Amino acid sequence: MAFNNKSGGPWGGGSGNDNGSGDKNPWGGGGHQENNPDIDEIIRKGRDRLKGFLPKGSNGNRFAILIFLVAFVIWLLSGFYSVGTQEQGIVLRFGDYLRTTQPGLHYHLPTPIERVLLPQVTSVNRIDIGFRSLDGNSNTRRDVSSESKMITGDENIVDIDFRVLWKISLAEDFLFNLQDPEETVKVAAESVMRGIIGQTKIENALTDAKTFIQSQAKTKLQVLVDEYGAGIEIRDVQLLSVNPPSEEVIDAFNDVQRARQERDRLINQAEAFYNDVVPRARGESAQLVAEAEAYSEEIVNRAQGDASRFNDIYESYIQAKQVTTERIFLETFEEILSNVNKVIIDSDVSNSGVLPFLPLPEVNNKNRTIRNNGGN
């Protein structure tokens, strides 16, 4: 072999490497030949020892082939892999992206040809900016002033702690486009928040602009990470606290905020009263108008009916004056006498010498009351 020291290779003492001093060994040492181990002899001894463990003859060859086949099958079976419900399988071939597999049982060519990465694509991750949670509790946290101090649009300093919630949307972009995707999201979120606060007055940032700031930060941050090709979906940006930087002025700012809240409460009460009174007044007005219109129609219709009835009576009078006069006379007396208390006594009773004594007006009033009550 080429590694034999007795050959003419670069590790031997052949005649092809003369250093000009008569020493043909490239590693020096003159004409003395070192007693290095023979590589061919080591390989030969290893082969002989391996043969000692195998059966002799054709059975030994078959046994070696069987061992090789079992090892090959085990190697092929190692390519099966399972993707969980919260994961995606990213298959690499010689380190280069090949395909994405969904949850379930799959197969790839065994290592070292192909390998698979299993990133969590459904779990929501969070990044805290401006503070660090202690023992995983958001209520107990340590302020990071280098991240939380920001300048507002009216050149004031405000202390902001916020949180970014994100998840992986495209696993292959998340794994290969950025070296540190989480740090990139953190830096991008801080940059976006500083840009928004730099266009907002401190009074608005401390009071009624929080919802607007959160919405703007989420939208702009999503656009930025999409430009980076990060494969990340921004789920939410939450402002946890917005405070003035100095403790001496916190109380004053809190008083302003409470006054604004009281103002908003009074405005809401006034609007509620307005929404209650105005519709009621409009309803009553519409009711009065409707009643007036109904009364007007009733009077007009009644007048028209009276006029029509008078015309009919007049025509009847022209055709039969005597009959019409008697009919009008009788109808008029009927109408008059219907409203008069009348007592009619039989002549036989008055001539019998018995003096009738009846509370006729009271009886009549009682009968009238009974009739008005429906006879009950």
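Everything below is about the structure printed above this text.
Just so it is clear, the structure is predicted and the values come from calculations on it, not from any experiment. (Residues numbered from 1 in each chain as written. Predicted model: local features only at pLDDT ≥ 70, side-chain atom pairs only at ≥ 80, totals over all residues. Heavy atoms only, no water.)

S.K.: What is the right way to look at the overall build of the protein in this model?
M.R.: Within the protein one finds 11 helices and 11 strands. For the protein, restricting intrachain contacts to residue pairs at least 6 apart in sequence, the fraction spanning at least 24 positions comes to 60%. A total accessible area of about 26,700 Å² is found for the protein, and carbon and sulfur atoms account for 55% of it. (Helix = DSSP H or I, 4+ residues; strand = E, 2+ residues; numbered from the N terminus. Contact = heavy atoms within 4.5 Å. Areas by Shrake-Rupley, 256 points an atom, 1.4 Å probe, with all protein chains shown as cover.)

S.K.: Even after reading the chapter, I still don't get the pairing of strand S10 (residues 157-168), so can you show me in this structure?
M.R.: Looking along a regular strand, one sees side chains alternate from face to face of the sheet. Here S10 lies mainly inside the structure; 11 of its 12 residues are buried. Relative to S10, strand S9 (residues 149-151) is paired through 3 bridges, and the arrangement is antiparallel. Note on S10: the bridge partner recorded for isoleucine 151 is isoleucine 157. Where S9 hands over to S10, the hairpin turn is made up of 5 residues, of which glutamate 155 adopts a positive phi near 65 degrees. In this sheet, strand S11 (residues 232-243) lies alongside S10 in antiparallel orientation, the contact comprising 10 bridges. Residue pairing across strands places aspartate 159 opposite asparagine 243, the latter belonging to S11. (Buried < 20%, exposed > 50% of the residue type's maximum accessible area, 1.4 Å probe, protein only. Pairing = 2+ DSSP bridges.)

S.K.: Please explain the pattern of salt bridges as it appears in this structure.
M.R.: In this structure the tally under the stated criterion is 13 salt bridges. When the shortest N-O distance is used, the salt bridge between arginine 132 and glutamate 147 registers 2.8 Å. Of this pair, arginine 132 sits in strand S7 (residues 131-134) while glutamate 147 sits in helix H3 (residues 145-148), and the two are 15 residues apart along the sequence. The residue arginine 280 makes a salt bridge to aspartate 276 at a minimum N-O spacing of 2.9 Å. Of this pair, arginine 280 and aspartate 276 both sit in helix H8 (residues 247-319), 4 residues apart, which is roughly one turn of the helix. (Salt bridge = Lys/Arg side-chain N within 4 Å of Asp/Glu carboxyl O.)

S.K.: What is the right way to look at the nonpolar core in this model?
M.R.: Where a protein is soluble and globular, its nonpolar side chains tend to be buried together. One finds Phe162, Val164, Met193, Leu221 and Ile234 to be the most contacted residues of the largest nonpolar core, which totals 37 residues. Contributions of two or more residues to this core are made by strand S2 (89-93), strand S6 (125-129), S10, helix H4 (171-176), helix H5 (181-197), helix H6 (202-206), helix H7 (210-228) and S11. In terms of residues, this core owes the most to one element, H5, which gives 7 residues. Methionine 193 has contacts with Met150, Phe162, Ile213, Ala217, Val237 and Leu239, leaving out every residue within four places of it along the chain. (Core = buried A, V, L, I, M, F, W, Y, C linked by side-chain atoms within 4.5 Å.)

S.K.: I tried to follow the sheet that holds S2 on my own but got confused; where do I start?
M.R.: Think of a sheet as strands paired side by side through backbone hydrogen bonds, with each pair either parallel or antiparallel. Pairing is antiparallel in the open sheet, where 3 strands are placed in the order S3-S2-S5. One side of each edge strand has no neighbouring strand; the edge strands of this open sheet are strand S3 (96-101) and strand S5 (114-117). Neighbour-to-neighbour, the strand axes of the sheet open up by a mean angle of 30 degrees, direction not taken into account. (Axes fitted to C-alpha atoms, helices over the stretch in contact; angles between N-to-C directions.)

Bear in mind that shape data such as this cannot, by itself, settle questions of function.
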